[in-house]
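Descriptive analysis of the structure
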Amino acid sequence: MSTHAFSSFRLEERTGELRRGEERIGLPEQAFQVLLLLCRARGQPVSREDLQRRLWPGRRHGDFEGGLNSIVRKLRRALGDDGKAPALVETLPRRGYRLLVPVECDDITSIEGIEASLAVLPFANLSPDPENAYVADGLTEELISDLSRVRALGVISRTSAMHYKETSKRLPEIARELKVRYILEGSVRKGDGRLRVSVRLIDAPSERHLWAEKFDGPFEDIFRFQESISRRIVQALEVTLTPGEDRRLSVRPFRDIRALEAYLQAMQHIRTFTESGLDRALAFTDQALSLVGAHALLHATQGLIHWQYHNAGFKPLEETLLRAERSADEALALDALCHQALLGKGLVAWTRGDLGAARQTLSQAAAQQRSSEALAFLANTLGLLGRAGESRECADRALWMDPLNPWALWGRAHCELLAGDLAAAEERFRLGAALRPEDPLILGFQAVALIHAGRREAARENLEAFKATVPSYAAWADMHLGALSRDRGAVLAGVAALGPYARRDREMSWGCADCLAAVGEKKAALHWLGNTIHLGFVNVDFFERVDTLLAPLRRDPPFKVLMDRARRKRDEFLPIP
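Notes on the structure in this doc start here.

Basis of the calculations
The written sequence of each chain sets the order in which its residues are numbered from 1. Note on the predicted model: pLDDT of at least 70 is required for a residue's local features to be given, and 80 or more for side-chain atom pairs to be given and counted; whole-chain, interface and lining totals, by contrast, use all residues. Hydrogens and waters are ignored; side-chain quantities use all the structure's heavy atoms. Secondary structure elements follow DSSP: runs of H or I no shorter than four residues count as helices, runs of E no shorter than two count as strands, and numbering proceeds from the N terminus. A helix is expected to span 1.5 Å for every residue after the first. Residue burial is assigned from relative accessible area. The probe radius is 1.4 Å, only protein chains are included, and a residue is buried under 20% of its type maximum, exposed over 50%, and partly exposed in between. When the centres of two rings from Phe, Tyr and Trp lie within 6.5 Å, Trp using its six-membered ring, the rings pair. Their planes under 30 degrees apart give stacked, over 60 give edge-to-face, and anything left gives tilted. We call a charge positioned above a ring when the Lys NZ or Arg CZ atom is no farther than 6 Å from the ring centre and deviates by at most 35 degrees from the ring normal. Every axis corresponds to a line fitted to the C-alpha atoms, with the helix fit spanning only the stretch in contact, and the corresponding angles, defined between N-to-C directions, vary from 0 to 180 degrees. Here is the rule for angles: anything less than 35 degrees is roughly parallel, anything more than 145 is roughly antiparallel, 65 through 115 is roughly perpendicular, and the remaining ranges are oblique. Two helices crossing with the near one rotated counterclockwise from the far one by less than a right angle form a left-handed crossing, whereas a clockwise rotation gives a right-handed crossing. When checking whether two residues touch, look at their non-hydrogen atoms; a contact exists if any pair is within 4.5 Å. Classification convention: Asp, Glu, Lys, Arg as charged; Ala, Val, Leu, Ile, Met, Phe, Trp, Tyr, Cys, Pro as nonpolar; all other residues, Gly among them, as polar. Cavity means a closed set of points on a 1 Å grid over the protein atoms alone, one where a 1.4 Å probe fits but cannot get out, pocket means an open set with protein on both sides within 12 Å along at least 5 of 7 lines, and lining means a residue has an atom within 4 Å of a point. Grid points are joined across faces, edges and corners, and a volume is the space filled by probe spheres set on the points. Buried residues of nine kinds, namely Ala, Val, Leu, Ile, Met, Phe, Trp, Tyr and Cys, make up a nonpolar core once their side-chain atoms join them within 4.5 Å.

The subject of this paragraph is helix α17 (residues 406-419). Here α17 spans 20 Å end to end across 14 residues, near enough to the 20 Å set by a 1.5 Å rise per residue. Of all 14 residues in α17, 13 are buried, a share of seventy percent or more.

Here it is in structure tokens:
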């Protein structure tokens, strides 16, 4: 599904909304469908016969003609267009309609239209000081970000590309593993206030060099080098930029080189996935803000840092989420299309269980910039809502962009778990855990998949390993171990320890419901299942069919009442046709 931008409007297929800036414009469903067909036609005529066939099959011709005229009038009113002197929707007498303005489409779930596939391998750090590695890594990431905004290019995301840092593999092998044709590689040397960058674009199957160049100048020239490299790649691959893409390649987030250095160092520390790393990242973003003042990217980055504090269990407090949300809002006030801010805002909504807002904002983030993280969490959101097909589409798109990213694997695995394909889910969780052993959350989800697949001994081993990772998760692991051994005391102790956190955490609340049901505490289990639904987990099919620990509840009338509640809440988030 896509976002179609025309004039000052944005039509969002996934959310079914028409917007002008941040204003939502009311549009009847049939008027929305007419506008959607006009946007997809990209200025070509859409016949009245096609509209009837696509939207009102079986209607009598006379009824259809009158109804369509009324719908188009409503559409024009919503757009502020004049049928007698149209600027947006033109009537073609006795033929149909067409849009008079250009339409740009941002497709977030399909790879159609990609002309060239490319991986940017980590640039080698040739600087005398190894601490300057952040410059090479930062330039690699910024080039990936630049090129990912070009819709005709399929660019592998940073996480997968970084797996080949200092690799001995040959380029054809890397290309086969990442399913790309072209590879960009290079080196960076920073020293004595100067920067030297060497770059090569290679056709990987033949190992033929398509373009190579060296850049040498003051460190401040890094912005010019970055833009030059991006443009030369586009030219070498014979890709035509849209006007919007051409403008975006010229935009640089920082003018102050010291702020750029602080930002790149912050990003380096965020990726350690440790509390001390997040502390240092926050300090570097504060340093950058002191140099440049209010700045959308820096505020958005701080929002993501605070969300990471909460998500990793380092600071699982509402105040942490509030700080993440405030930072994202500060960024969006400066730049309403800031990808990182939209991602942060979506992640906060996802964490709180407002899946309607999460779905909308994560979709916007993915439309602004190809992002495996946004798509992985969007896939999870749709899975929690019971939309298995759309969830898989988003997860597959995330994996195509970032095949070695454990969170992309997690997104796909979660789709399988919620759809009931437990063997596939466990395998993908296992692969994700192997790719990032320092991140325990994937290990925990793997244990859940094993439990529902009936592989309880393997689940016990997994839970013991999970328990040894982060102390704050020990109670969760012990509670599930108690459920597997029917140890009522261990389950009740786990629920008592987790209760304050589980009241506002969807997965913790669901875990409490499962484990209590497994030891016969039906009333308490129903309480926590109700809280899980309140927090946005409304996949009724999963509760009624897949979740084996809930089996003792399914015949009870209160369980059926909760499922009806879940259906109503699901339909509030996302009406299902």
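From this point on, the discussion continues.
Locating E427 in the fold gives a position in helix α18 (residues 422-435). Between the alpha carbons of E427 and Q446 there is a distance of 8.2 Å; along the sequence they are 19 residues apart.

What follows deals with the packing of aromatic side chains. Overall, the coordinates contain 12 aromatic pairs when judged by the stated rule. Plain terms: the ring middles of F466 and W476 are 5.3 Å apart, the flat faces sit at 75° to each other, and that makes the pair edge-to-face. Separated by 10 residues along the polypeptide, F466 in helix α20 (residues 456-467) and W476 in helix α21 (residues 474-484) bring together distant segments of the chain. Judged by relative accessible area, which is 9%, W476 ranks as buried. When the centroid spacing of 4.7 Å and the interplanar angle of 45° are considered together, the rings of F537 and F543 count as tilted. The pair F537 / F543 is uniform in exposure class, with both members buried. Here the aromatic cluster, defined as three or more aromatic residues joined through ring pairs, consists of W510, F537, F542 and F543. Here the guanidinium or amino end of K190 rests over the ring plane of F219, the centre of that ring lying 5.0 Å away. The ring of Y309 has K315 sitting right over it, with the charged end atom 4.1 Å from the ring centre.

Glancing now at the packing of α17 against helix α19 (residues 440-452). The relative placement of two packed helices comes down to the angle between their axes together with the axis-to-axis distance. For the pair α17 and α19, interaxial distance at closest approach is 11 Å and the crossing angle is 20°. By the angle class used here, α17 and α19 are roughly parallel. Considering the relative orientation of α17 and α19, their crossing is left-handed. Contact residues: α17 offers P406, W407, W410, H414 and L417, while α19 offers L441, I442, F445, V448, A449 and H452. Taken together, the residues of the contact of α17 with α19 sort by class into nine nonpolar, two polar and no charged.

Take empty space enclosed by the protein next. Inspection of the entire model under this criterion finds five cavities of 30 Å³ or more. One number sums up the size of the largest cavity: a volume of about 420 Å³. L441, F445, D505, E507 and M508 are the residues nearest the centre of the largest cavity, which is lined by 23 residues in total. Per-class residue counts for the lining of the largest cavity are 13 nonpolar, six polar and four charged.

Turning to the nonpolar core, a few remarks are in order. With 99 residues, the main nonpolar core has L417, F429, L529 and F543 as its most contacted residues. With nine residues, the top contributor of residues to this core is α19. Once you skip the residues sitting within four places of it in the chain, L417 turns out to touch L422, A425, F429, V448, A449, H452, W510, F542 and V546.

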